[in-house]
Amino acid sequence: QVTLVESGGGLVQAGNSLRLSCAASGLTFGSYTMGWFRQAPGKEREFVAIIKLSGRTTYYSDSVKGRFTISRDNAKNTVYLQMNSLNPEDTAVYYCAASAMVFTTNADRYRYWGQGTQVTVSS
């Protein structure tokens, strides 16, 4: 059974940082594009960042570009999201997801999803 488990969320003040982790099991991790998505209260789910199989190629939404960094450690079956300079607009539930061999921002193309981790940024 494929399982993705996010961790690292919490409550922080604006300007501070968090590092999210997503541990995957039950799949050939290195064969999947990994992505981070988020959903704020009352808002649509939105793309945050994606990373190709080896980690050499990444892509970010305009809202997080320059502040967030996605990375992966295929030996540990883990993808990370380093979030710096957080602001209240970043408050959301953050989800990691896996897409088999497809590098895309379209959430519908992601086969497996974690349960999400809450990130709350206060002013």
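Above this text you will find the structure in question.
Below or above, wherever it landed, is the structure these notes cover. As the structure is a prediction and not an experimental result, all values here were calculated from the model.

About the cut-offs
- Residues numbered from 1 in each chain as written.
- Predicted model: local features only at pLDDT ≥ 70, side-chain atom pairs only at ≥ 80, totals over all residues.
- Heavy atoms only, no water.
- Disulfide = S-S within 2.5 Å.
- Helix = DSSP H or I, 4+ residues; strand = E, 2+ residues; numbered from the N terminus.
- Buried < 20%, exposed > 50% of the residue type's maximum accessible area, 1.4 Å probe, protein only.

1. Examining the state of the cysteines
Consideration 1: Applying the stated rule across the entire model yields one disulfide.
Consideration 2: With a sulfur-sulfur separation of 1.9 Å, Cys22 is cross-linked through a disulfide to Cys96. Linking Cys22 and Cys96, the disulfide has an S-S dihedral of approximately 45 degrees and is accordingly described as right-handed. Pair noted here: Cys22 is in strand 3 (residues 18-25) and Cys96 is in strand 9 (residues 92-100), with a separation of 74 residues, a long-range link. As far as the burial class goes, Cys22 and Cys96 line up, both buried.

2. Some words on unusual backbone geometry
Consideration 1: Even without being a glycine, Asn77 presents a positive backbone phi close to 55 degrees.
Consideration 2: On the secondary structure map, Asn77 appears in the loop between strand 7 (68-73) and strand 8 (78-83).
Consideration 3: Residue class for Asn77 comes out partly exposed when judged on its relative accessible area of 24%.
Consideration 4: Although it is not a glycine, Ser85 adopts a positive phi angle of roughly 50 degrees.
Consideration 5: With respect to the helices and strands, Ser85 occurs in the loop between strand 8 and strand 9.

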